[in-house]
Amino acid sequence: MKCFESAINLRRDALGDEHPSVADMLFKVGVILISKRGLYRNALKFHNLALQIRLIALKDDDPAISESYKALGSISYERAEFSKAKSFYRQAFVVDEKIINESSTPDAELN
């Protein structure tokens, strides 16, 4: 766990606390904690931090925000916190819907 925190701190020092790359590192640590160790409670902390940074640093229709909501939904589901899981999945759906609507507008074809 210390090596993960050291890596995150190095990235924060180099890029700042609210940089999307810091959020990506936090997200990846959360994934590792679940997949390799089954540490859902610890992963929840990292995924929440990643989401908070992503909400500040990215547009509200960024796929990374949806990714964070889905990860939090999965963790909540695994912890039998079904109402929380449902809420996170709904938030991910809202973001995904924005992405789809934005990519299907006539202006999107010009880009």
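Residues numbered from 1 in each chain as written. Predicted model: local features only at pLDDT ≥ 70, side-chain atom pairs only at ≥ 80, totals over all residues. Heavy atoms only, no water.

S.K.: How do you make sense of the overall build of the chain when you look at a structure like this?
M.R.: Looking only at helices and strands, the chain features six helices and zero strands. In sequence order, the chain lays out its α and β elements as α-α-α-α-α-α. With the principal axes as the frame, the chain shows a C-alpha extent of 50 × 40 × 20 Å. Residue burial in the chain is summarised as follows: out of 111 residues, 31% are buried. Residue pairs at least 24 apart in sequence account for 50% of intrachain contacts in the chain once pairs closer than 6 positions are excluded. On the chain, the mean spot of the 16 positive side-chain charges and the mean spot of the 16 negative ones are 11 Å from each other. (Helix = DSSP H or I, 4+ residues; strand = E, 2+ residues; numbered from the N terminus. Buried < 20%, exposed > 50% of the residue type's maximum accessible area, 1.4 Å probe, protein only. Contact = heavy atoms within 4.5 Å. Lys, Arg positive; Asp, Glu negative; His and termini not counted. Charge placed at Lys NZ, Arg CZ, Asp CG, Glu CD.)

S.K.: I'm lost on the packing of aromatic side chains in this one. Help?
M.R.: What describes a pair of aromatic rings is the distance from one ring centre to the other and the angle between the planes of the rings. Per the counting criterion, the structure on display carries two aromatic pairs. For the ring pair Tyr 77 and Phe 82, a centre distance of 5.3 Å and an interplane angle of 65° mean the geometry is edge-to-face. In this structure Tyr 77 comes out as partly exposed when scored by relative accessible area, which is 49%. (Phe/Tyr/Trp six-rings, centres within 6.5 Å; stacked < 30°, edge-to-face > 60°.)

S.K.: Sorry, what's going on with the confidence of the model for the chain here?
M.R.: In low-pLDDT segments, the atomic positions of the prediction should not be examined closely. The share of residues in the chain with pLDDT of 70 or more is 94%, and the mean pLDDT across the chain is 93. The weakest mean pLDDT in the chain belongs to helix α6 (residues 106-110) at 55; the strongest belongs to helix α4 (residues 63-78) at 98. (pLDDT = per-residue confidence, 0-100.)

S.K.: Looking at this structure, I do not really get the side chain of Ser 66. What am I missing?
M.R.: Within the element layout of this structure, Ser 66 appears in helix α4. Within the local environment of Ser 66, its side chain forms a polar contact with the side chain of Asp 96, the two groups lying 2.6 Å apart. When neighbours within four sequence positions are excluded, Ser 66 is seen to be in contact with Ala 92, Val 95 and Asp 96. (Polar contact = N/O pair within 3.5 Å; in protein donor to acceptor, adjacent residues only side chain to side chain.)

S.K.: What is the right way to look at the packing of helix α3 (residues 40-57) against α4 in this model?
M.R.: The description of two helices packed together rests on the angle between their axes and the distance between the axes. The N-to-C vectors of α3 and α4 enclose an angle of 155°; their axes lie 9 Å apart at closest approach. As the angle between them shows, α3 and α4 are arranged roughly antiparallel. Note on packing geometry: the crossing formed by α3 with α4 is left-handed. Within the contact between the two elements, α3 uses Tyr 40, Ala 43, Leu 44, His 47, Asn 48, Ala 50, Leu 51, Arg 54 and Leu 55 and α4 uses Ala 64, Ile 65, Glu 67, Ser 68, Tyr 69, Ala 71, Leu 72, Ile 75 and Glu 78. Looking at the contact of α3 with α4 residue by residue, the classes come out as twelve nonpolar, three polar and three charged. (Axes fitted to C-alpha atoms, helices over the stretch in contact; angles between N-to-C directions. Parallel < 35°, antiparallel > 145°, perpendicular 65-115°, else oblique. Left-handed = near helix turned anticlockwise from the far one by under 90°. Nonpolar A, V, L, I, M, F, W, Y, C, P; charged D, E, K, R; others polar.)

S.K.: Is there a simple way to explain the packing of α4 against helix α5 (residues 82-103) in this structure?
M.R.: Remark: α4 packs on α5, axes separated minimally by 8 Å, with the N-to-C direction vectors making an angle of 160°. When the axis of α4 is compared with that of α5, the two are roughly antiparallel. The crossing of α4 and α5 is left-handed. In this structure, α4 contributes Pro 63, Ile 65, Ser 66, Tyr 69, Lys 70, Leu 72, Gly 73, Ser 74, Ser 76 and Tyr 77 to the contact, and α5 contributes Phe 82, Lys 84, Ala 85, Phe 88, Tyr 89, Gln 91, Ala 92, Val 95, Asp 96 and Ile 99.

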